[in-house]
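# Tertiary structure, described
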Amino acid sequence: MLTIGNKSFHSRLLLGTGKYPDVNVQKQAVDASETEILTFSVRRMDIFESSQPNLLEKISTSNYDLLPNTAGAYTAEEAVRTAKLAYASGLCDMIKVEVIGDKKTLLPDPVETLKATEELLKEGFIVLPYTSDDVVLARKLEELGAHAIMPGASPIGSGQGIINPLNLSLIIEQSHVPVIVDAGIRSPQDVVTAMELGADGILLNTAVSGSPDPVKMAEAMKLAVQSGRLGFEAGKIPKKRYATASSPEEGISF
């Protein structure tokens, strides 16, 4: 099972709830994914601003663990304030820290991410920081006490897939907390690749909500997570320079 802090989950797929064509498609996609964790931007919820729609109006949130994120924050102070608002509204004790350092690429600010993570850990949150594929930064976040590390495969919503498998594999290799690949995923193939590297989970939004058929894509991603995890646990055969017959020749009488 996937264990984050004091919580355990059968599903290793975390699903975002934004940018679906409508709330009915959103609900069908969530159901098809069989996720147990839903993530969303606190700033886009009606608790933050009354003019915002309720993005979860069709979903029975009691059936899920909620993972609000601090998207829209550009400083640690903003991220901490947003997280505390989510907690005060009864949404969570688990938070995805997202502090953006560049508006064009939406890459995270490493310094402010470290600051926000440290402060929220002191406040008693289960903290999952979104970070780049920086191996050293991932280690420092874990040393602070982060409950999971969430490196991006590529920039948020870009659909570029995994652009640096080496760094992802190094982060996975060194980590003693779950590594959940987040951002930039485009296809089930990307998901399988990440899981075969040894990732503990995948967080998706745009790859599903932006698909021409979000419901079918949600199911495809669910199966990709399962397939990739099984492949990782089973282990791959070694590569060889020359062919090896798959049928044994011993014992053949003719």
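Given the structure is predicted, the values throughout are model-derived calculations rather than measurements.

For the rest of this paragraph, the subject is the overall build of the protein chain. Within the protein chain one finds 8 helices and 10 strands. By the compact-globule yardstick of 18 Å for 254 residues, the protein chain fits well, its C-alpha radius of gyration being 20 Å. Its C-alpha atoms give the protein chain principal-axis dimensions of about 80 × 40 × 35 Å. When the 254 residues of the protein chain are sorted by exposure, 48% land in the buried category. Carbon and sulfur atoms form 50% of the exposed surface of the protein chain, whose accessible area is close to 12,700 Å². Averaged over its 24 positive side-chain charges, the protein chain has a centre that lies 3 Å from the centre of its 32 negative ones.

Another point: the nonpolar core. Formed by 40 residues in total, the largest nonpolar core has its most connected members in V181, V191, I202, L204, V208 and M221. The biggest single contributor to this core is helix α8 (residues 214-234), with 5 residues.

Before going further, it helps to examine the packing of aromatic side chains. Following the criterion strictly, the structure yields 1 aromatic pair and no others. For the ring pair Y87 and F125, a centre distance of 5.7 Å and an interplane angle of 65° mean the geometry is edge-to-face. With Y87 in helix α2 (residues 76-88) and F125 in the loop between α3 (110-122) and β7 (126-131), this pair connects stretches of sequence that are 38 residues apart. Geometry around Y130 places K96 over its ring, the cationic atom sitting 5.3 Å from the centre. If you follow K103 out to its NZ or CZ, it ends over the ring of Y74, 5.7 Å from the centre.

Look at the UniProt record and you will see "active site" (unreviewed entry) annotated at K96. Position of K96 among the secondary structure elements: in strand β6 (residues 94-97). Classification of K96 by relative accessible area gives buried; the value is 6%.

The buried count for β7 comes to 6 of 6 residues, which makes it a mostly enclosed element. The alternating pattern of β7 places I126, L128 and Y130 and V127, P129 and T131 on opposite faces, both of which are buried. Read from β6 through α3 to β7, the crossover connection turns out right-handed. Pairing analysis gives 2 bridges linking β7 to strand β8 (residues 150-151), with the strands arranged parallel.

On to the packing of α2 against α3, then. With their axes 8 Å apart at the nearest point, α2 and α3 run at an angle of 35° to one another. Here α2 and α3 pass one another in a crossing that is right-handed. Contacts from A76, A79, V80 and A83 of α2 reach α3 at E112, K115, A116, E119 and L120. Split into classes, the residues belonging to the contact of α2 with α3 amount to 6 nonpolar, no polar and 3 charged.

With 13 residues, α3 should reach 18 Å at 1.5 Å per residue; the first-to-last C-alpha distance of 19 Å fits that figure. Considered for burial, the residues of α3 that qualify are E112, T113, A116, T117, L120 and L121. All buried residues of α3 fall inside an arc of 160° around its axis, so they share one side. Capping the start of α3, D109 holds a side-chain oxygen 3.0 Å from the backbone nitrogen of V111, two or three residues further along.

A few words now on the pattern of salt bridges. Summed over all chains, the structure comprises 11 salt bridges. A salt bridge links D93 to K7, with the shortest nitrogen-to-oxygen separation between them at 3.7 Å. Of this pair, D93 sits in the loop between α2 and β6 while K7 is found in strand β2 (residues 7-9), placing the two residues 86 residues apart along the sequence. Exposure remark for D93: the relative accessible area of 31% places this residue in the partly exposed category. You can call K7 buried: its relative accessible area is 18%.

The phi dihedral of E34 is positive, around 55°, even though this residue is not glycine. Positionally, E34 belongs in the loop between α1 (23-33) and β4 (37-41).

Here is what the cut-offs are and how they apply
- Residues numbered from 1 in each chain as written.
- Predicted model: local features only at pLDDT ≥ 70, side-chain atom pairs only at ≥ 80, totals over all residues.
- Heavy atoms only, no water.
- Helix = DSSP H or I, 4+ residues; strand = E, 2+ residues; numbered from the N terminus.
- Rg over C-alpha atoms; globule rule 2.2 N^0.38 Å.
- Buried < 20%, exposed > 50% of the residue type's maximum accessible area, 1.4 Å probe, protein only.
- Areas by Shrake-Rupley, 256 points an atom, 1.4 Å probe, with all protein chains shown as cover.
- Lys, Arg positive; Asp, Glu negative; His and termini not counted.
- Charge placed at Lys NZ, Arg CZ, Asp CG, Glu CD.
- Core = buried A, V, L, I, M, F, W, Y, C linked by side-chain atoms within 4.5 Å.
- Phe/Tyr/Trp six-rings, centres within 6.5 Å; stacked < 30°, edge-to-face > 60°.
- Lys NZ or Arg CZ within 6 Å of the ring centre and 35° of its normal.
- UniProt positions renumbered as here; feature names shortened; annotations may be inferred.
- Right-handed = clockwise from strand over helix to strand, strands pointing away.
- Pairing = 2+ DSSP bridges.
- Axes fitted to C-alpha atoms, helices over the stretch in contact; angles between N-to-C directions.
- Left-handed = near helix turned anticlockwise from the far one by under 90°.
- Contact = heavy atoms within 4.5 Å.
- Nonpolar A, V, L, I, M, F, W, Y, C, P; charged D, E, K, R; others polar.
- Expected span 1.5 Å × (residues − 1).
- Arc of directions from axis to C-beta.
- Polar contact = N/O pair within 3.5 Å; in protein donor to acceptor, adjacent residues only side chain to side chain.
- Salt bridge = Lys/Arg side-chain N within 4 Å of Asp/Glu carboxyl O.

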